[in-house]
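# Observations on the three-dimensional arrangement
Single-letter residue listing:
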There are 2 protein chains.
Amino acid sequence: MYDGTNFAGFQRQPDRRTVESVLTQVINKMAKNPDPKILVYGSGRTDAGVHALAQVVHFDFPFTIPEESMRKGLNSMLPMDMEIRRVEIVPATFHARYDVSGKRYLYRMDMGEFRNPFKRNYTGHWKFPVDLDKINQALGDLVGEHDFTSFVASGAQTRTFVRTIYEATCHIDEANHELVFEFYGNGFMYNQVRIMVGVLVEIGSGTRPVHDILRLYQVKDRKQARRTVPAAGLYLKHVYYQGEDPEHPTKLPQRQR
Amino acid sequence: MYDGTNFAGFQRQPDRRTVESVLTQVINKMAKNPDPKILVYGSGRTDAGVHALAQVVHFDFPFTIPEESMRKGLNSMLPMDMEIRRVEIVPATFHARYDVSGKRYLYRMDMGEFRNPFKRNYTGHWKFPVDLDKINQALGDLVGEHDFTSFVASGAQTRTFVRTIYEATCHIDEANHELVFEFYGNGFMYNQVRIMVGVLVEIGSGTRPVHDILRLYQVKDRKQARRTVPAAGLYLKHVYYQGEDPEHPTKLPQRQR
C-alpha cells in the first residue's frame, strides 16, 4: 500500500524517489546488501501521484525469514507513506507481472463546490452537476472486449489496444461527496482509466451524448477523448492472479512468458 | 481551511513556510504591495502539522473589493493546501483574536491494526482496544471550569491555567475505523487537546483509572499526563466570536483589549 503523492511513480528512475527504488533499497538492506543486488518485480507500473491499496511485488530473497517477521522488519525500515500489508512465500515460478490475470482500479472524484485542501492529493475534482443514470448507461458500454485506442495516452507501448473490462461501476459516496468509479479488467493501458473517467464525467454532466463511448471505439482517435483526469484520484485496488477469479481465470490471449 | 502537513504552523517564522506568511504574501500582492505592509491577524496559532477546517483571520485592506471577488482572487493565488472559504467585510473594531469567545477542536485517532499510509498526516494512531463507555465517563470529568496545569506543554505562556470546556464528546467513525473527539471551550492552551486525548485513550484502554482526570487536576504536574498525541490528528474546527453562541456569549473572564 502506498500514498503515491511523494513518489515519482512506481518504476525506478535515476535520482527520483520511486516505489521500486525505495522498496529495492530496503529489501537489499535487510539481506545485508548481497551482490548481485536483489531485484524487485512489480505487477505493473503506477504513474507519479497514483496510489496503491494493494500493489503486488515479488523478489528472490537469499535466506528464509518467517513471513510475519519479514513484514514487520520491512515496515520498520520503510517510510511512512508505504506499508507492507502481507508477505507470502511463493513457488519459485511465481511472477508478479507475468502471472497477472486482471486488475481493479478505483477512481475518487470530489464533487465539492470548492477545492478541498485535504483532498488535493487524493481525489480528482469535478464541480459540475452529474446525472448518475447517464454515467451508469455509459458504463454499460465499457464492459466487454473493446478496442480502447481512443482511450490511451500517446506514449503507450502495446501490441494491441484491445482489452476486456469485466466490471465498471460508479456510486456516490454521500459522506465524502464523491463519485467513486471502479473498473475491473484484464489489463489497462497508460492513462486508460483516467481518460475513461474524463469521458464518463462529461457524459454525466451532459456535455457528451450518453453513448459517446461507442462512437469513440469507432473513431480510434485519442484527441476526441480530450480530458485526462488527475493522477491523484486513481488507486490500484487489487491485482488478480491466475486462477484467483474462477470467472476470469487468465488473461486472454494468454500472456507470453 | 488548510492542510497543516506542509506548514511549519500558523505563526510567521523567518525562512519557514507558515500559514501566516503565505497568506500575508498573497494579500499584499493583491493590494499591489502597499507600504506599510498589510498585516494578518489570526484567531490564534496552530502548531506544525495541525489542520484547520475554519481558521479565522482579519486584515485591513486598502481598498474595497466585493467579498466574493476577493475570495476567488485570493484562492487563485494561494497554494492548493490552503483555501479561503468565506470573505466578509467586518466593522473596523472586529479583531480575529481578541473577539474570540470559544474554539472547537476535532481529533481523529485511527484505530487500524496497521499504520495506514493515507492517514499518516491526518490522524493519530492507537492500535489498542478501547472501551468507549470509559472514555465517555472520563469526558464528563473534562466538562466545566478546571485548572488544566497537568494538561499543558511546558512552553505555554499564560497567566492562568484555568479554562472552561463546554462540550467534550467522542464517537466511533465506523466507516474509517477512527475515534473522533470534539472539544468546545473558551480557550485551549499549548498542546492541551493533544495531551487530553492522550490521557483519554489510555483511560479507554484501561491503563489509567476511569476518573484519573480528577486526580490530574489535583496534582498539577504535566509529567503525569505523559503522552502528547501527534499533531496530524488535530483540526481547528470552528472559532466562535462574541455573541455567536448565546449560551456562551463571551469568554469569562472578559479578555483585555
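What counts, and where the lines are drawn
- Residues numbered from 1 in each chain as written.
- Chains lettered and ligands numbered in written order.
- Predicted model: local features only at pLDDT ≥ 70, side-chain atom pairs only at ≥ 80, totals over all residues.
- Heavy atoms only, no water.
- Helix = DSSP H or I, 4+ residues; strand = E, 2+ residues; numbered from the N terminus.
- Rg over C-alpha atoms; globule rule 2.2 N^0.38 Å.
- Buried < 20%, exposed > 50% of the residue type's maximum accessible area, 1.4 Å probe, protein only.
- Contact = heavy atoms within 4.5 Å.
- Lys, Arg positive; Asp, Glu negative; His and termini not counted.
- Charge placed at Lys NZ, Arg CZ, Asp CG, Glu CD.
- Buried area = accessible area lost by both parts, 1.4 Å probe.
- Salt bridge = Lys/Arg side-chain N within 4 Å of Asp/Glu carboxyl O.
- Polar contact = N/O pair within 3.5 Å; in protein donor to acceptor, adjacent residues only side chain to side chain.
- Nonpolar A, V, L, I, M, F, W, Y, C, P; charged D, E, K, R; others polar.
- Phe/Tyr/Trp six-rings, centres within 6.5 Å; stacked < 30°, edge-to-face > 60°.
- Lys NZ or Arg CZ within 6 Å of the ring centre and 35° of its normal.
- Pairing = 2+ DSSP bridges.
- Domains from an automatic or database assignment.
- UniProt positions renumbered as here; feature names shortened; annotations may be inferred.
- Arc of directions from axis to C-beta.
- Least-squares fit on C-alpha atoms with pLDDT ≥ 70 in both.

A few words now on the overall build of chain A. The helix and strand inventory of chain A stands at five helices and nine strands. By the compact-globule yardstick of 18 Å for 257 residues, chain A fits well, its C-alpha radius of gyration being 19 Å. Expressed as a percentage of its 257 residues, the buried residues of chain A come to 52%. Counted over contacts in chain A with a minimum sequence separation of 6, partners at least 24 positions apart contribute 67%. A distance of 6 Å separates the average location of the 34 positive side-chain charges in chain A from that of its 30 negative side-chain charges.

A word on the interface of chain A and chain B. Every contact between the two is made by 24 residues of chain A and, on the other side, 24 residues of chain B. In total, chain A and chain B occlude about 2200 Å² of area from one another, counting both sides; carbon and sulfur atoms represent 59% of this. The largest share of the area that chain A buries against chain B comes from Arg 115, Phe 118 and Arg 120 of chain A, three residues that together contribute 37% of it. Ionic pairing is found between Glu 83 of chain A and Arg 115 of chain B, a salt bridge with its closest N-O pair at 2.6 Å. Across the chain A-chain B interface, the total number found is ten residue pairs in polar contact (both at pLDDT 80 or more). Those elements that place two or more of their residues in the side of chain A that touches chain B are strand 2 (51-52) and helix 2 (67-77) of chain A. Here the side of chain A that touches chain B is composed, by residue class, of 13 nonpolar, four polar and seven charged.

For the rest of this paragraph, the subject is the packing of aromatic side chains. For any pair of aromatic rings, geometry is given as the distance between the ring centres together with the angle between the planes. This structure, assessed with the given rule, holds 29 aromatic pairs over all chains. Pairing Tyr 122 of chain A with Phe 118 of chain B gives two aromatic rings, centres 6.2 Å apart and planes at 75 degrees, and the pair type is edge-to-face. With Tyr 122 of chain A in the loop between strand 4 (100-110) and strand 5 (124-125) and Phe 118 of chain B in the loop between strand 4 (100-110) and strand 5 (124-125), the pair connects residues from two separate chains. Across the pair, exposure class does not vary: Tyr 122 of chain A and Phe 118 of chain B are buried alike. The ring of Phe 7 of chain A has Arg 17 of chain A lying over it, and the distance from NZ or CZ to the ring centre is 4.2 Å.

To continue, consider the pairing of strand 8 (residues 178-185) of chain A. When a strand is regular, its side chains alternate between the sheet's two faces. Residue and element names in this part refer to chain A. Within strand 8, eight of the eight residues are buried, which leaves it mostly tucked inside the rest of the structure. Both faces of strand 8 are covered, namely the face carrying Glu 178, Val 180, Glu 182 and Tyr 184 and the face carrying Leu 179, Phe 181, Phe 183 and Gly 185. As paired strands, strand 4 and strand 8 are joined by eight bridges and run antiparallel to one another. Bridged to Tyr 105 within strand 8 is Phe 183. Pairing analysis gives eight bridges linking strand 7 (residues 162-173) to strand 8, with the strands arranged antiparallel. Considered in strand 8, the bridge of Asp 173 is made with Glu 178. Between the end of strand 7 and the start of strand 8, which pair antiparallel, lie four residues, with His 177 showing a positive phi angle near 55 degrees.

Here the focus is the domain arrangement of chain A. Residues and elements named next belong to chain A. When the domains of chain A are assigned, the result is domain 1 (4-77) and domain 2 (101-241). For domain 1 versus domain 2, the distance between C-alpha centres works out to 28 Å. Opposite the 15 residues of domain 1 that make contact, domain 2 presents 16 residues. Per-residue buried area on domain 1 facing domain 2 is highest for Asp 47, His 51 and Leu 53; these three make up 41% of the total on that side. On inspection of domain 1 and its partner domain 2, the count reaches one salt bridge. A salt bridge links Asp 47 to Arg 194; the shortest N-O distance between them is 3.9 Å. Here domain 1 and domain 2 share seven residue pairs in polar contact (both at pLDDT 80 or more) between them.

So, about the UniProt feature "binding site: substrate" (unreviewed entry) in chain A. Residue and element names in this part refer to chain A. The residues that UniProt annotates with the feature "binding site: substrate" (unreviewed entry) are Tyr 105. Counting through the fold element by element, Tyr 105 comes out in strand 4. The contact partners of Tyr 105, leaving out residues within four places of it in the chain, are Arg 45, Phe 181, Glu 182, Phe 183, Phe 188, Val 193, Leu 234, Tyr 235, Leu 236 and Lys 237.

This part is about the UniProt feature "active site" (unreviewed entry) in chain A. Sequence positions flagged by UniProt for "active site" (unreviewed entry) are, in local numbering, Asp 47 of chain A. Looking at the secondary structure, you find Asp 47 of chain A in the loop between strand 1 (41-42) and strand 2.

Take the pairing of strand 7 of chain A next. Across four bridges, the pairing between strand 6 (residues 144-147) of chain A and strand 7 of chain A is antiparallel. Across the sheet, residue Glu 145 of chain A finds its bridge partner in strand 7 of chain A, namely Thr 164 of chain A.

What follows covers helix 3 (residues 132-142) of chain A. Residues and elements named next belong to chain A. Listed in full, the buried residues belonging to helix 3 are Ile 135, Ala 138, Leu 139, Asp 141 and Leu 142. Down the axis, helix 3 shows its buried residues gathered within 150 degrees of arc, on one side only. Buried-residue contacts for helix 3 involve strand 6, strand 7, strand 8, helix 4 (192-204) and helix 5 (212-219).

Residues and elements named next belong to chain A. Inspection of the secondary structure assignment puts Val 143 in the loop between helix 3 and strand 6. Residues Val 143 and Thr 164 lie 21 residues apart in sequence; the distance between their C-alpha atoms is 7.2 Å. Those residues in contact with Val 143 that sit more than four places away from it in its chain are Ile 165, Tyr 166, Glu 167 and Ala 168.

Before going further, it helps to examine the relation of the copies chain A and chain B. Least-squares fitting of chain A to chain B yields an RMSD of 0.0 Å, with the transformation described by 0.0 Å of translation along the axis and a rotation of 180 degrees. The operation mapping one copy onto its partner corresponds to a two-fold rotation axis. Taking the C-alpha atom as reference, chain A places Ala 175 of chain A closest to the rotation axis, 4.8 Å from it. When the interface residues of chain A are mapped onto chain B, 100% of them are again interface residues, pointing to one common binding face.

Here the idea is simple: oppositely charged side chains can pair when their charged atoms come close. Residues and elements named next belong to chain B. One pass over the structure, following the stated rule, counts 38 salt bridges over all chains. Of the charged contacts, one joins Lys 237 and Glu 182 as a salt bridge, the two residues approaching to 2.9 Å between their closest N and O atoms. On the criterion of sequence distance, the pair formed by Lys 237 in strand 9 (residues 234-241) and Glu 182 in strand 8 (residues 178-185) is long-range, its members being 55 residues apart. Of the residues examined, Lys 237 reaches a relative accessible area of 30% and is grouped as partly exposed. By relative accessible area, Glu 182 is classed as buried at 16%.

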